[in-house]
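# Inside the fold
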Amino acid sequence: MEEKICTLTEIIYHNKENCFTVGVFMEEEGEFTGTGYIPNAARGRRFKLSGVWKEHNVYGRQFSFSSYSEETPDTGEAIELFLASGAIKGVGRKTAQLIVGAFGDDALRLMEEEPQRLTQISGIGPKKAAMIGESFRAHKELAEIALYFQQFGINARAAMKLYKVYGRETIAAVNENPYQLIDDVFGIGFKSADRIAFRLGLDMNSKYRIKSGVNYLLWQYVNDGSTYVPQSILLEQAGVLLDVPMESVEENIIEMVFEGVLRLELLEGRKVVFPEAYYMAEQNVCKNLIRLERASLKPIQTDVEGRLSASGRRAGLALSENQKYAVRESMKNGVFVITGGPGTGKTTIINAIINILENEGIETGVAAPTGRAAKRISETTGHEASTIHRMLEYYYSENDERMKFRRTGQNQLEYGAVIVDEASMIDIMLMNALLDAIPSGARLIIVGDADQLPSVGAGNVLRDMLSSELISSVRLTEIFRQAKESMIVVNAHCINNGEYPELNKHGRDFFMLSRRGERLIADTILELCLSRLPKYYADCDMLRDLQVLTPVRKGTLGSINLNAELQAVLNPPSERLAEKAFGDKIFRVGDKVMQIKNNYGLEWRRGEARTSMGGVGSTGDERVGVGFRDGGAADLLDGAEGETEAEGEGVFNGDVGFIRAIDLENGTLTVVFDDVRFVEYDFSQLDELELAYAVTVHKSQGSEFQLVLMPMYAFPPMLATRNLLYTAVTRGKKAVILVGSEYHLRAMIDNDHIKERYSGLCSHLKEFLLNE
Amino acid sequence: MGALTRKLLDLVFPPSIYCISCGNLIDETRVYSLCDKCAREFKWANGKTCEKCGRILGDDYNGTLCGECGQSAHAYEKGYACLEYGSCREVIHGFKYLGRMYYAESIAQIMHDRLAEAASEFDAVLPTPMYKPKERKRGYNQADLIGGLLAAKTGLDYDNDTLVRRRNTAPMSGLGKEAREENVRDAFAVAEGKADAVRGKRLLIVDDIYTTGSTLDACAKVLTDAGAKSVCFIVLAAGASGANV
């Protein structure tokens, strides 16, 4: 290890996100190139670097430093150079000159201890003097903190993150409980915090550590869809993860129960652990379902039978007995569940129900979990539908600094009936919020397809309600005559019943191209997108209307690789199109992209679809965006009709748009969602975006596409399941095209294993009734 | 749980209710008798694999052959592996050394799914033979158990008396590449009077693990010399690229 005291004289490269810096440094013996991590690198700053010489095969000999510390400049000249570097807010080259001119070698001490004396300099008022003093202090603090953490192998980037949150208390806070970083610092999970704790030499048997590890494991299950974990599994896994005895894990779980974080319950004879919030949500859902179920309803005066035959005639189709039953029961029950696959007449039933309710003068709210579904219902029923979030008036509470629902148990909806569609996508938390807000005596009609993949969020709400058999329900199995024309509908039902679909019927909409081997399958997908499909489906836009779906993220046929390959053919590099590399991905103007996490604070403003944007490489082509989850704010908040606001906040997981502009100078990338909502991303936020030429089936839930293209290959058995295939196939409207192995298509249909989700709703519902 | 207790439990309970890798309780809808956790953690060969031996290469691996196949030629035409050995060693251990013969069903199904339509490219399935006295001692040849089931699933002919092992060989584990080759030199042969079962045929050999390929090369050489049109193999697991099992 060699040490060098030197001044940074030129910055060749500096990455603001991770602080990696390549620079020219000057020491007494001359200049050298150095590489390493320095936050806020700026010319003129003096460092002590320790590192080793390395030979780079392109750039030659470089000094690679693993740690740095800032040398406090001590001569007037050095101080001026340092101040002029821009490291201190409010001080540029000119001010630096003035400060050093006035105070000489004493300038830095003064800035730190008596910043008000800076006002002696003309042009610096008390406010600016205070700002300079504050900024200099912060600079020194960060330098010290970075230096402290460096010795434990925690790099400057991480140190800066911590400093932003804890300020001067950083060292104390991290030493006391590094596991609080998980909650406080974005991007630090249990494993990172644990590494920090280990390097700091902290107690590996501490309560903080064990509790944090238990939480980490529990939330892994929750994020995977469970609302609880059997205690025996949690104990065993925590024991392995933390390398501590199971007894001490158990002790800590009990403490967490007393702290109100966890809930221990005996469920169907075994001990299970819930996060408290999920336990409460399940309990509330049970209570509310029973409340609504038991409430007395205002009887219906309308001649239901007469209406049913009339609405059947109007729609040009007769309702089946089962369908009529669904309508009648919806009127009789406080809560009624209707489940069925595509083409089984769910929409017709909703229409008939709305028709009767309107005739009764009952105010009816219609909602769905996604904006697109809400739009579809509005169009097919003529009754305005919104997202559940919008119905419940989701808003950002300044006081609580988080999103909340305005409609709650204390401020219930004013409807006499509520119909929700696409209920398979409703997780336990959303169902809890919805039920809370529905007044007793209102009819709740829940419509969905229980055979779809379950909700992304935790819980198995629709299936649990059905299997509890305590909530009245009907399962529609008959396919409407018109729907039988569509092989997508017919085959979806085949698949769902475990039968093999009929493929490649002439003139129909369900195809399979047999290809052997992953490379050939990928090549065929590319060729279809590029030349064959555009010819055959001339009315479809291959970027907007076609969606490649895949079960997996990794591998040749995974979304990551297919995205890269599809991007290369559908939106190839061009001098006209600006691009920005981020990690392994390249974002290019014109790319189809997806937001992959909820970001409530991200601002959007309404723009004209065809205005050309400023910035480097504005598009020149008009392929601007349409989101398939119908996009973020408009999706969750504004519902189908919210088309008036000029600006708003919030872009959500699953929103799809197109890159309109990339401004390399200012480090921003503009995405257009739904053709009109413009969102500007700072380059540091690009980890929230992914290319969306190909997306996983899980991410496609609740969306529909004109054309669906999906590879069929030997996917891992966890994913190669019947209900995943069913979900994928039911996304397609105009055509579904499978490419690959028919053997694997059949194997997927044979695999009816549904990934286990631990959910207590069904047992809780039964228990509730038993206890009465 | 001790091996003996496990064995007793196996007698009492139908084996399909335990995960064949970790022994956890499972329900009958699980594919391959694996629990969700093991199925997820196994490294399945559904990404990039070596075009020669079929072992798993990383997605960002440069090239189409693994390091080993890049350097040395093989007597077989092509191999299929279903899993990376490291992730499924418990299954192989239980199957081979703890007498869990019923694992063969799951293993054969995994192989069938790996081959898919490619199964139609073969005329017959052959197990890697065991030295008969050794087989009598163990009670079964694991490759034979899988092979029979795989043949039934794919509808291919099954032939377990054409390829024979003429002498006992030392266990391969722990041996280097040269030692392995030496160990199996002249160990295999086509049984007398069985030349017709080989001549002009496209053959698929079944084994449990692939490491350096010495055994499968030796088998393939004997079969090719006897006039086989092509010899491929399928194994449950292959070592990670560059790693020795």
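These numbers were taken from a predicted model, which means no experiment stands behind them.

The rules we used
- Residues numbered from 1 in each chain as written.
- Chains lettered and ligands numbered in written order.
- Predicted model: local features only at pLDDT ≥ 70, side-chain atom pairs only at ≥ 80, totals over all residues.
- Heavy atoms only, no water.
- Helix = DSSP H or I, 4+ residues; strand = E, 2+ residues; numbered from the N terminus.
- Rg over C-alpha atoms; globule rule 2.2 N^0.38 Å.
- Areas by Shrake-Rupley, 256 points an atom, 1.4 Å probe, with all protein chains shown as cover.
- Lys, Arg positive; Asp, Glu negative; His and termini not counted.
- Charge placed at Lys NZ, Arg CZ, Asp CG, Glu CD.
- Buried < 20%, exposed > 50% of the residue type's maximum accessible area, 1.4 Å probe, protein only.
- Contact = heavy atoms within 4.5 Å.
- Pairing = 2+ DSSP bridges.
- Axes fitted to C-alpha atoms, helices over the stretch in contact; angles between N-to-C directions.
- Left-handed = near helix turned anticlockwise from the far one by under 90°.
- Nonpolar A, V, L, I, M, F, W, Y, C, P; charged D, E, K, R; others polar.
- Arc of directions from axis to C-beta.
- Parallel < 35°, antiparallel > 145°, perpendicular 65-115°, else oblique.
- Phe/Tyr/Trp six-rings, centres within 6.5 Å; stacked < 30°, edge-to-face > 60°.
- Lys NZ or Arg CZ within 6 Å of the ring centre and 35° of its normal.
- Patch = residues over 30% accessible without salt bridge, like charges linked within 9 Å, V, L, I, M, F, W, Y side chains within 5 Å.
- Salt bridge = Lys/Arg side-chain N within 4 Å of Asp/Glu carboxyl O.
- Core = buried A, V, L, I, M, F, W, Y, C linked by side-chain atoms within 4.5 Å.
- Buried area = accessible area lost by both parts, 1.4 Å probe.
- Polar contact = N/O pair within 3.5 Å; in protein donor to acceptor, adjacent residues only side chain to side chain.

## With respect to the overall build of chain B
From N to C terminus, chain B includes nine helices and seven strands. For chain B, whose C-alpha radius of gyration is 18 Å, the value lies close to the compact-globule estimate of 18 Å for 245 residues. Its C-alpha atoms put chain B at 50 × 45 × 35 Å along the principal axes. Accessible area of chain B: about 11300 Å², with a carbon and sulfur share of 51%. Charge centroids of chain B, computed over 32 positive and 32 negative side chains, lie 4 Å from each other.

## A short note on the overall build of chain A
Secondary structure assignment for chain A yields 27 helices and 30 strands. Computed over C-alpha atoms, the radius of gyration of chain A comes to 31 Å, within 12% of the 28 Å expected from 2.2 N^0.38 for 772 residues, which places it in the range of a compact globule. C-alpha extents for chain A along the principal axes are approximately 95 × 65 × 50 Å. Out of the 772 residues in chain A, the part that is buried amounts to 56%. Within chain A, counting contacts between residues at least 6 apart in sequence, those at least 24 apart form 69% of the total.

## Digging into the sheet that holds strand 7 (residues 262-267) of chain A
All names here are of chain A. Spatially, 6-8-7 is the arrangement adopted by the three strands of the open sheet, whose pairing is antiparallel. Edge positions in the sheet fall to strand 6 (229-230) and strand 7, since each has one partner strand and no second. Pairing of strand 6 with strand 8 (residues 270-275) involves two bridges; the strand directions are antiparallel. Directly across from Pro-230, in strand 8, lies its bridge partner Val-272. Helix 27 (residues 761-770) rests against strand 7 and strand 8 of the sheet, and its axis sits at about 70° to strand 7.

## Notes on the packing of helix 21 (residues 518-536) of chain A against helix 22 (residues 559-570) of chain A
All names here are of chain A. Packing of helix 21 against helix 22 leaves a shortest axis separation of 10 Å and a crossing angle of 35°. Crossing of helix 21 over helix 22 shows right-handed handedness. Here Arg-519, Ala-522, Leu-526, Cys-529 and Leu-530 of helix 21 lie close against helix 22, whose contacting residues are Leu-562, Glu-565, Leu-566, Val-569 and Leu-570. Looking at the contact of helix 21 with helix 22, its residues break down into eight nonpolar, no polar and two charged.

## Thoughts on the pairing of strand 13 (residues 402-405) of chain A
All names here are of chain A. Of the strand pairs in this sheet, strand 12 (residues 394-397) and strand 13 are connected by four bridges, and their pairing is antiparallel. The residue bridging Tyr-395 from the neighbouring strand is Lys-404, located in strand 13. Counting the residues that bridge the hairpin from strand 12 to strand 13 gives four residues, and of these Glu-401 lies at a positive phi of roughly 55°.

## With respect to the environment of Asn24(B)
Mapped onto the fold, Asn24(B) is located in the loop between helix 1 (3-12) and helix 2 (36-41). Among residues more than four places away in sequence, those in contact with Asn24(B) are Ile17(B), Tyr18(B) and Cys19(B).

## Remarks on helix 1 (residues 76-83) of chain A
Residues and elements named next belong to chain A. Looking only at helix 1, the buried set comprises Gly-76, Ala-78, Ile-79, Phe-82 and Leu-83. Buried residues along helix 1 cover an arc of 160° about the axis, so they all sit on one side. As for helix 1, its buried residues are in contact with strand 4 (46-56), strand 5 (60-70), helix 2 (93-103), helix 3 (107-113) and helix 4 (126-150).

## Observations concerning the packing of helix 10 (residues 231-242) of chain A against helix 11 (residues 246-258) of chain A
Residue and element names in this part refer to chain A. Contact geometry of helix 10 with helix 11 gives a least axis separation of 9 Å together with a crossing angle of 120°. It follows from the interaxial angle that helix 10 and helix 11 lie oblique. For the element pair helix 10 and helix 11, the recorded crossing hand is right-handed. Contacts between helix 10 and helix 11 involve Gln-231, Leu-234, Leu-235, Glu-236, Ala-238 and Gly-239 from the former and Met-246, Val-249, Glu-250 and Ile-253 from the latter. Taken together, the residues of the contact of helix 10 with helix 11 sort by class into six nonpolar, two polar and two charged.

## What about the packing of aromatic side chains?
Two measures describe an aromatic ring pair: the distance that separates the ring centres and the angle between the ring planes. Tallied over the full model, the rule gives 26 aromatic pairs over all chains. Geometrically, the ring pair formed by Phe32(A) and Trp53(A) is edge-to-face, given 5.8 Å between the ring centres and 75° between the ring planes. A residue pair is termed long-range when its members are at least 10 positions apart, and Phe32(A) in strand 3 (residues 30-37) and Trp53(A) in strand 4 qualify at 21 residues. On the basis of relative accessible area, Trp53(A) is assigned to the partly exposed category, the value being 26%. An aromatic cluster is defined as three or more aromatic residues linked by ring pairs; in this entry it consists of Phe25(A), Phe32(A), Trp53(A), Phe63(A) and Phe65(A). Across from the ring centre of Trp604(A), 5.2 Å away, lies the NZ or CZ of Arg677(A), which sits over that ring. Above the face of the Tyr80(B) ring, Lys78(B) is positioned so that its terminal group lies 4.8 Å from the ring centre.

## Side note on a negative patch on the surface
A cluster of acidic side chains, namely Glu398(A), Glu401(A), Glu603(A), Glu647(A) and Glu649(A), defines a negative patch on the protein surface. As for its position among the elements, Glu398(A) is in the loop between strand 12 and strand 13.

## Observations regarding the sheet that holds strand 18 (residues 546-550) of chain A
Residues and elements named next belong to chain A. The strand order 17-30-29-18-28 describes an open sheet built from five strands, whose pairing is parallel. With one partner strand each, in any of the chains shown, strand 17 (510-514) and strand 28 (694-696) form the two edges of the open sheet. Geometrically, the sheet is characterised by an average inter-axis angle of 25° between neighbouring strands, direction not taken into account. The sheet strands contacting helix 20 (residues 487-496) are strand 17 and strand 30 (732-740), and the helix crosses strand 30 at an angle near 60°. Against the sheet, helix 25 (residues 722-729) engages strand 17, strand 18, strand 29 (705-712) and strand 30, with an angle of about 150° to strand 29.

## As for the nonpolar core
Residues and elements named next belong to chain A. Residues Leu-566, Phe-587, Leu-669, Tyr-681, Leu-709, Met-710 and Leu-725 are the most contacted members of the largest nonpolar core, which totals 80 residues. If one sorts the elements of this core by residue count, helix 21 sits on top with seven residues. Contact partners of Leu-566, with chain neighbours within four places excluded, come to Leu-526, Cys-529, Val-548, Asn-571, Tyr-693 and Ala-694. Formed by 56 residues, the second largest nonpolar core is a distinct cluster that contains Phe-149, Ala-193, Val-249 and Ile-253.

## Considerations on the interface of chain A and chain B
On the chain B side, the residues contacting the 22 residues of chain A number 23 residues. Across the interface of chain A and chain B, roughly 1800 Å² is buried in total on both sides, 50% from carbon and sulfur atoms. The interface formed by chain A and chain B includes two salt bridges. Between Asp224(A) and Arg40(B) there is a salt bridge whose closest N-O contact spans 3.6 Å. Taken together, chain A and chain B are joined by nine residue pairs in polar contact (both at pLDDT 80 or more). When the residues that make up the side of chain A that touches chain B are grouped by side-chain class, the tally is eight nonpolar, six polar and eight charged.

## Some words on the pattern of salt bridges
Summed over the entire model, instances satisfying the criterion amount to 52 salt bridges over all chains. In this structure, Glu84(B) engages Lys43(B) in a salt bridge whose closest nitrogen and oxygen atoms are separated by 4.0 Å. Taken together, the residues Glu84(B) in strand 1 (residues 78-84) and Lys43(B) in the loop between helix 2 and helix 3 (67-71) connect sequence positions 41 residues apart. By relative accessible area, which is 15% here, Glu84(B) ends up buried. Assessed through its relative accessible area of 46%, Lys43(B) is described here as partly exposed. In this structure, the salt-bridge partner of Lys194(B) is Asp161(B), at a minimum N-O distance of 3.3 Å. Taken together, the positions of Lys194(B) in the loop between strand 5 (188-190) and strand 6 (202-210) and Asp161(B) in the loop between strand 3 (157-158) and strand 4 (163-165) put the pair 33 residues apart, joining distant regions of the chain. Here the residues in one salt-bridge network are Asp106(A), Arg109(A), Glu113(A), Glu114(A) and Arg117(A), joined through shared partners.

## Considering the side chain of Asn288(A)
Residues and elements named next belong to chain A. One can find Asn-288 in helix 12 (residues 276-294). Here the side chain of Asn-288 touches Asp-436 through a polar contact of 3.0 Å, side chain to side chain. Excluding residues that lie within four positions of it along the chain, Asn-288 makes contacts with Leu-435 and Asp-436.

## Side note on unusual backbone geometry
Positive phi, normally seen in glycine, also occurs at Asp675(A), with a value near 75°. By the secondary structure assignment, Asp675(A) is in the loop between strand 25 (668-673) and strand 26 (677-682).

## Some words on the environment of Tyr208(A)
Residue and element names in this part refer to chain A. Following the sequence through the fold, Tyr-208 ends up in helix 9 (residues 207-223). Here the alpha-carbon distance between Tyr-208 and Ser-763, two residues 555 residues apart in the chain, equals 33 Å. Among the polar contacts listed, one links the side chain of Tyr-208 to the side chain of Glu-176, at a separation of 3.2 Å.

## Observations concerning the side chain of Gln323(A)
Residues and elements named next belong to chain A. Positionally, Gln-323 belongs in helix 14 (residues 321-332). Residue Gln-323 is classed as buried on the basis of its relative accessible area, which comes to 3%. Here Ser-320 takes part through its backbone nitrogen, which lies 2.8 Å from a polar atom of the side chain of Gln-323. Among all residues touching Gln-323, those that are not within four sequence positions of it are Ala-318, Thr-344, Gly-345, Ile-349, Leu-476 and Phe-480.

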